[in-house]
Amino acid sequence: MIRTRELTKHFRVHKRPPGFRSAVRSLFHRQYEVVKAVDGVSFTIERGERVGFLGPNGAGKTTTLKVLSGLLHPTSGEAMVEDHVPARRQTELLQKITLVMGQKSQLIWDLPPADTYELNRAVFDVPRRQYQETLAELTQLLELGPLLHKPTRQLSLGERMKCELAAALLHRPTTLFLDEPTIGLDVAMQLAIRDFVRTYNQRHEATVLLTSHYMDDVVALCPRIIVIDAGKLIHDGDLRGLVKAMDPDKRVSFTLTQPIGDDELGKVGALLQRDGARVTVRVPEREIPAAVGHLLRELRVADLAIEDPPLEEILREMFGKAKQERAPAEPGQQP
Amino acid sequence: MIRYLRLAGLQLRISAAAGMTYRADFLVEGALALLLLSLMLLPWIVLFSDGRTEVAGWDRPSTLMVMAYFIGVRAVLEGLISPSLVDLLERIRSGAFDYVLLKPIDAQALVSTSRCEPWQVVNVLFAIGLAVYAFALRGRGPAPEDVALGVVLFAAGLLAMYSLWLLCAAAGFWVVRLDNLTYLLGAIFDVARWPVAVFPGLWRFVFTFIIPVAVMTTFPAQALLGTLGIETALATIGGALALVVVSRLVWRLAIRSYTSASS
Amino acid sequence: MTRTLRAIPTLLRVGVAETVAYRAEFLIWILTTTLPLVMLALWTSVASERAFRSYSSEDFVAYYLAVLIVRNLTGTWVAWQVSEDVRMGSMSMRLLRPLHPFVAYAASHLAAVPFRSLVVLPIAGVLLLSSGASSLTREPVQLALIVPSLALAWLITFSLLFALGALAFFITKAMALLNLYFMTFSLFSGYLLPQDLLPGWIARAAAVLPFRYMLGVPVELMTRAHAPGEVRNLMLGQLAWAAVSLVVALRVWRLGVRRYEAVGG
C-alpha cells in the first residue's frame, strides 16, 4: 500500500542569467531559486492496484516516484510505502520495492545481463531456487532467452529495456515504480511491456505505479489515473471520471450522403475536419441529442459516430486551464 | 559481514572478467607497468649517482624501501580504488547512482569494489621485488616482527588511501562535474614517493597529519627496516582508523545531501 | 575561414564562462600538477648541504618553479576531453557545427589560460623571485622570448594532445596511451628532471622529440643563459614542431572523423 499526505518537495536551483559579467559574479555570489516540484500531493493506493501518473514535463511525476522509493527526502508532508517511511531506506522495504527508470540503466554495460542478474541476486540475497524460478518466469514472459548472454551494449534499446525490467524484478518486489519504462521504444515493444506489467501485476498482486508520456500506456494499463501538473494533484480517479470532470465537447463524425455546405454544418457544431465526405464536428454534450437528430433526419448522414476527444487534448486543456489559474509568479520547472 | 565480503568478491570477479576481454589492452597495460617502474626508479638512480650516500638522513636502501611501498600502494590505488571511483563518478553523472541507493546494501560497500584493474597485481609484485632488493643492498634481511609490522602498516596505509578516496567520492556529489578527481588523488599521492623528511617543516606536518600520505609509505618503510618507534606505529594505525571513521561520516553526509537536495 | 575568425571572440567569451562555471574541476586540474613541487622538495633537500652536480639549491627552486609555471600555462586536458566526447557520442554534435572542432576546443582551453595564470602566477611567481632569483636568467633577448616561447609551447602541446585524443576514434582504451604519453613527456621534456642530470642518450633523444619544445625550452629560457646561437636554434625548433604538430593533429583528426562517420558515430 502506498499513501501520501500533503507531500511536498522543494528544490534549490542555482540560477544564473547569461552573459560574461554574471558569469564572473557567480564566482563570488550564487543566486538560488526555489522550485516547488511537488506541492501538497495526497493519495492512497491499495495493494494490487495499477495506477498511472500523467502530467506534462516537469510536473513532478518523477520526483514523486523518487520520494516514494526513498531516493529523495520530502521537504514536508508524509509518505508511507508498505508501512515504511521510504526515506529511511530500511532493508525490509528495499526488498519489497523496485524502481525502473526508462532513461537510466542499471545493467553493467560491457557485460551480459546475466552477470548483472547474478550481482542483483547476491545483493538482494535471493535464495538460489527462488532466483532460478523467478528468472525462468521472467525469461519466458519477456522472451529473454537469446539476450541473457549478449553484452548489454550489443542489445537494441527494446531488448535492453526488457532486460532492465527483469533485473528490477529478480527479487520479486511487491511494489513497482515504473518511470517512463517505454520511452523510445517502438509500438510492438510498448505493447509487449504493457502486457508483461499487467501479467506480473495480476499474478503476484504487485502494486504498480507508472508514469509515462505515452497516453496509451497509461490508458491501456491503468484503471486509475492521477494527474499532476506543476506539482499539484489535479485529478485522481478513473479515465471516465477524468473525461467527465473536464466535460469536454464530444466529437461527432459522419459521412455525407449529399453535398452540404460548411455553414450548414457549422450550425450543427464547430467544424473540426472535413475530408471529402467524411466530416468531424465538435458538439457540447448537452446538445448531442438535438444535433444527432438533426444530422440523421434533416441532413441524412451515414456512419454516425460519437466519441470523446483524444486524451491528449483533454489533458492539454486541463493543463492549460490549470496554468491560467496559477499565479504568474512561478515560472520554474523541475531541473 | 560475510555477505559483504562475498559481494565484494563477486563484483571484483565480474570486473576482472570484463577487463580481460580486451586482449590488446592487456598487453599495453603490461608494457606500461614496466615503463612506469623504470621511470619511478630513474630519479633514485640519478640521485645517488654523484657519490653521495644519503638524502635527508635516508640512505640508499631506505629510500628504495619507501619507493617500494609507493609502488605497492599506488598499485592498489590504480588497481582497485581509482577504477571504482571513476565508476562511481560516472554513475553520479548519469543518474544511475540512484540504483545503488535502491539496493538493500550499504551504498559505500557497493561502490567501493565495483571495478578493478587486474594488471596492477604485477606492480605489487614489483614492489615486493624492490623491497627484497633494498634488503640486499643493506646487506641484512628483516626481522620477523619488522615484516609483521611492515605488513600491518601497509594495510593501515591502504585504509588511509581508501579514506581519502571516499572523501573524494563524497566531493563528487556536491560538485557534479568532477571526473578528474582520480587524477587529483594520484597527484596528491605523488608526494609519497620520497621519505617525508625531504619536505620542509610545515609540509612535513601537513603530509603527516593533514593529508597523511607519509602514513602510506614513509612509516611502513621505517617499520620494515626496523627503525620505527612503537608509539609512531600505534599512532599511525590509530590515525588511519580515525580517517576511516571521518570519511565514513562525510560519505553519509554526502548521501544525505544527494537525497535531500538533488533531482 | 572568416566566419571562424569572427566566431573566435565569442568562443573565447563562452570559454571563460565555462571555466568559471566549472571552477571546481578547473581548480583540480591545477592542483594535479604536484610533481614539480615534490621534486623541488626532494632536490632542495639533496642540494641543501652541497650542490648536486652543477645545481645549487636555488637552481633547483628556480628550475622546478619555472617548470610548474610553464606546465600550468601550457598544459591542457584536451586529450581527455576529446576521447570522452568520442566515447559518449557527444562528438557527433560538434561535428555538425560549421566550426572545426579544433578551433572550438582550442578556444575553450585558451580561455582558461588567464584564469590559470591568475591562480598560479602570483604564488609561484613570488616564490620564484624570492627563493630562486639568483638563478633566473637576465639576458634581455631570452626574457623577451619567454612569452612567444610559451605561446609556441602551448600550441605544440595542444596539437599533440588533440591528436592523442583523436586516437579515441580508432581504439577503445585511449587512456592507456595517454598514460604512456605522459610518462614519455615527463622524461624527455625536463618535467621530471633537468635534462643535464639525465643519462646522455636521453638528452640526445630529446633533441629530436617534441617534448623538450613543449616545456623545456621556455623553462630554459627562464633559468639558464644560453648562447645566442643556441637560443635561435631552440626557437626555430619550437616553430618547426609547432608546424609539424599542427599538421599531424589535423591529419589524425580528419582520418578519425572519416572512420567515425563510417562506423555510424
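First, a word on scope: everything that follows refers to the structure included in this document. (Residues numbered from 1 in each chain as written. Chains lettered and ligands numbered in written order. Predicted model: local features only at pLDDT ≥ 70, side-chain atom pairs only at ≥ 80, totals over all residues. Heavy atoms only, no water.)

## Side note on the overall build of chain C
Threshold: Helix and strand labels come from DSSP, where a helix needs a run of H or I of at least four residues and a strand needs a run of E of at least two; each type is numbered from the N terminus. For this measure, only C-alpha atoms enter the radius of gyration; the expected value for a globule follows 2.2 Å times N^0.38, where N is the number of residues.
The number of helices and strands found in chain C is twelve helices and zero strands. Reading the secondary structure of chain C in the N-to-C direction produces α-α-α-α-α-α-α-α-α-α-α-α. Over its C-alpha trace chain C gives a radius of gyration of 19 Å, about what one expects of a compact globule, namely 18 Å for 265 residues. Here the C-alpha coordinates of chain C stretch approximately 60 × 40 × 30 Å along the principal axes.

## Description of the overall build of chain A
The condition is simple: Contacts between residues were defined by any pair of non-hydrogen atoms, one from each residue, lying within 4.5 Å. Note on areas: Shrake-Rupley, 1.4 Å probe, and residue coverage restricted to the protein chains presented here.
When you go through chain A residue by residue, the secondary structure sums to twelve helices and 13 strands. A separation threshold of at least 6 residues defines the contact pool for chain A, and within that pool the share at least 24 residues apart is 72%. About 16000 Å² of surface is accessible on chain A, with carbon and sulfur atoms providing 50% of the total.

## A closer look at the packing of helix 4 (residues 57-74) of chain C against helix 8 (residues 140-166) of chain C
Residue and element names in this part refer to chain C. This is how the line gets drawn: Geometry is summarised by axes, namely lines fitted to C-alpha atoms with helices restricted to the contacting stretch, and by angles between N-to-C directions that run from 0 to 180 degrees. What sets the label is the angle itself: under 35 degrees gives roughly parallel, over 145 gives roughly antiparallel, 65 to 115 gives roughly perpendicular, and the rest give oblique. The hand of a helix crossing depends on one turn: near helix anticlockwise from the far one by less than a right angle means left-handed, and clockwise means right-handed. Under the scheme applied here, ten amino acids are nonpolar (Ala, Val, Leu, Ile, Met, Phe, Trp, Tyr, Cys and Pro), four are charged (Asp, Glu, Lys and Arg), and all others, including Gly, are polar.
At their nearest, the axes of helix 4 and helix 8 sit 9 Å apart, and the two run at 55° to each other. The angle between helix 4 and helix 8 falls in the class oblique. When you trace helix 4 past helix 8, the crossing you get is right-handed. Each of V70, L73 and T74 in helix 4 lies in contact with helix 8, whose residues at this interface are L150, A153, W154 and T157. Class assignment of the residues belonging to the contact of helix 4 with helix 8 gives a composition of five nonpolar, two polar and no charged.

## Comments concerning the sheet that holds strand 4 (residues 76-81) of chain A
Residue and element names in this part refer to chain A. Formally: Two strands qualify as a pair provided that DSSP identifies no fewer than 2 bridges between them.
The three strands are arranged 2-1-4 in an open sheet whose pairing can be described as antiparallel. Every interior strand has two partners, whereas the edge strands, strand 2 (31-45) and strand 4, have only one. Neighbour-to-neighbour, the strand axes of this sheet turn through a mean angle of 30°, independent of strand direction. Bridging between strand 1 (residues 2-15) and strand 4 involves five bridges; their strand directions are antiparallel. Bridge pairing in strand 4 links I2 to V81. Against the sheet, helix 2 (residues 61-68) makes contact with strand 1, strand 2 and strand 4, and its axis sits at roughly 115° relative to strand 1, the strand it touches most.

## Overview of the sheet that holds strand 13 (residues 302-307) of chain A
Residues and elements named next belong to chain A. Taken together, the four strands give an open sheet; going across it, the order is 11-12-10-13, and neighbouring strands pair in antiparallel fashion. Strands with a single pairing partner mark the edges of an open sheet, and in this sheet they are strand 11 (270-275) and strand 13. In this sheet, neighbouring strand axes are inclined to one another by 15° on average, regardless of whether the strands run parallel or antiparallel. Pairing of strand 11 with strand 12 (residues 278-283), which is carried by five bridges, proceeds in the antiparallel orientation. The residue bridging R274 from the neighbouring strand is V279, located in strand 12.

## Comments concerning the environment of D125 of chain A
What counts, and what does not: Residue burial is assigned from relative accessible area. The probe radius is 1.4 Å, only protein chains are included, and a residue is buried under 20% of its type maximum, exposed over 50%, and partly exposed in between.
Considering the arrangement of structural elements, one finds D125 of chain A in the loop between helix 4 (113-124) and helix 5 (128-142). Taking the relative accessible area as the measure of exposure, D125 of chain A reaches 46% and is therefore partly exposed. With sequence-adjacent residues up to four places away left out, D125 of chain A is seen in contact with N120 of chain A together with R3 of chain B.

## Side note on the pairing of strand 12 of chain A
In summary, the side chains of a regular strand alternate between the two faces of the sheet. Residues and elements named next belong to chain A. Here six bridges tie strand 10 (residues 250-255) to strand 12, and the two strands are oriented antiparallel to one another. From the neighbouring strand, V252 faces strand 12, where its bridge partner is V281. Between the antiparallel neighbours strand 11 and strand 12 lie two residues, among them G276 with a positive phi of about 70°.

## Side note on the interface of chain C and chain B
Basically, it comes down to this: Once two parts are put together, the accessible area they lose, assessed with a 1.4 Å probe and summed over both, is termed the buried area. Should a side-chain nitrogen of Lys or Arg be within 4 Å of a carboxyl oxygen of Asp or Glu, the pair is scored as a salt bridge. Here a polar contact is recorded for every N or O atom pair within 3.5 Å, except that within protein the pair must consist of a potential hydrogen donor and a potential acceptor, and residues adjacent in sequence are included only if both atoms are side-chain atoms.
Listed by partner, the interface residues are 38 residues for chain C and 35 residues for chain B. Together, the buried faces of chain C and chain B total about 3400 Å²; carbon and sulfur atoms form 69% of this surface. Here chain C and chain B share one salt bridge between them. For R93 of chain B, the salt bridge is made with E84 of chain C, and the minimal N-O distance between the two is 3.6 Å. Summed over the shared surface of chain C and chain B, the result is five residue pairs in polar contact (both at pLDDT 80 or more).

## Some thoughts on the packing of aromatic side chains
Formally: Each Phe, Tyr or Trp ring, with Trp reduced to its six-membered ring, pairs with another whose centre is within 6.5 Å; inter-plane angles below 30 degrees give stacked pairs, above 60 give edge-to-face pairs, and intermediate values give tilted ones. Counted as over-ring charges are cases with an Arg CZ or a Lys NZ within 6 Å of the ring centre that also lie within 35 degrees of the ring normal.
For the structure on display, the rule yields 33 aromatic pairs over all chains. Relative to Y64 of chain C, the ring of Y63 of chain C has its centre 5.2 Å away and its plane inclined at 90°; by these criteria the two rings are edge-to-face. Its relative accessible area of 5% is what places Y63 of chain C among the buried residues. One aromatic cluster is present, built from ring pairs that chain together F102, Y105, W154, F158, F162, F169, W253 and Y260 of chain C. If you follow R121 of chain A out to its NZ or CZ, it ends over the ring of Y131 of chain A, 6.0 Å from the centre. Here the basic side chain of R71 of chain C rests over the ring of Y191 of chain C, its NZ or CZ set 5.4 Å away from the ring centre.

## Some details on unusual backbone geometry
Residue and element names in this part refer to chain A. Non-glycine residue R89 carries a positive phi angle of around 50°. By secondary structure assignment, the location of R89 is in the loop between strand 4 and helix 3 (91-94). The backbone of R300 shows a phi angle near 50°, a positive value even though the residue is not glycine. Residue position: R300 is located in the loop between helix 11 (288-297) and strand 13.

## Points about a nonpolar patch on the surface
Residues and elements named next belong to chain B. This is how it is decided: In this scheme, patches are assembled from residues that exceed 30% relative accessible area and form no salt bridge. Like charges are connected within 9 Å, while nonpolar side chains (Val, Leu, Ile, Met, Phe, Trp, Tyr) are connected within 5 Å.
On the surface, V121, L125, I128 and V132 cluster together to form a nonpolar patch covering roughly 390 Å² of accessible area. Tracing the chain through its elements places V132 in helix 6 (residues 120-138). A relative accessible area of 53% places V132 in the exposed class.

## With respect to the packing of helix 7 (residues 144-174) of chain B against helix 10 (residues 214-225) of chain B
Geometrically, a packed helix pair is captured by the angle between its two axes and the distance between the axes. Residue and element names in this part refer to chain B. Axis separation between helix 7 and helix 10 bottoms out at 8 Å; the angle between their running directions is 175°. By the angle class used here, helix 7 and helix 10 are roughly antiparallel. Each of D146, V147, L149, G150, L153, F154, G157, A160, M161 and L164 in helix 7 lies in contact with helix 10, whose residues at this interface are V215, M216, F219, P220, A223, L224 and L225. Looking at the contact of helix 7 with helix 10 residue by residue, the classes come out as 14 nonpolar, two polar and one charged.

## Overview of the environment of A174 of chain C
All names here are of chain C. Relative to the elements of secondary structure, A174 occurs in helix 9 (residues 174-188). By relative accessible area, A174 is classed as buried at 6%. Placed twelve residues apart in sequence, A174 and S186 show a C-alpha to C-alpha distance of 18 Å. What A174 contacts, discounting residues up to four positions off in sequence, is S83 and A168.

## Structural notes on helix 7 (residues 187-204) of chain A
All names here are of chain A. Where we set the bar: To estimate the expected span of a helix, count its residues, drop one, and scale the result by 1.5 Å. The arc in question is the one traced by the directions running from the helix axis out to the C-beta atoms.
A rise of 1.5 Å per residue sets the reference length of helix 7, with its 18 residues, at 26 Å; its end C-alpha atoms lie 26 Å apart and thus fit the reference within 8%. Taken residue by residue, helix 7 has M189, Q190, I193, R194, F196, V197, Y200 and N201 as its buried positions. Seen end-on, helix 7 carries its buried residues on one side only, within an arc spanning 160°. Turned more than 90 degrees off the buried face of helix 7, the exposed positions are V187, A188 and Q202. Residues of helix 7 that are buried sit in contact with strand 3 (50-54), helix 5, helix 6 (157-169), strand 6 (175-179), strand 7 (207-211) and helix 8 (215-221). Positive backbone phi, approximately 50°, marks E205, located one or two places after helix 7.

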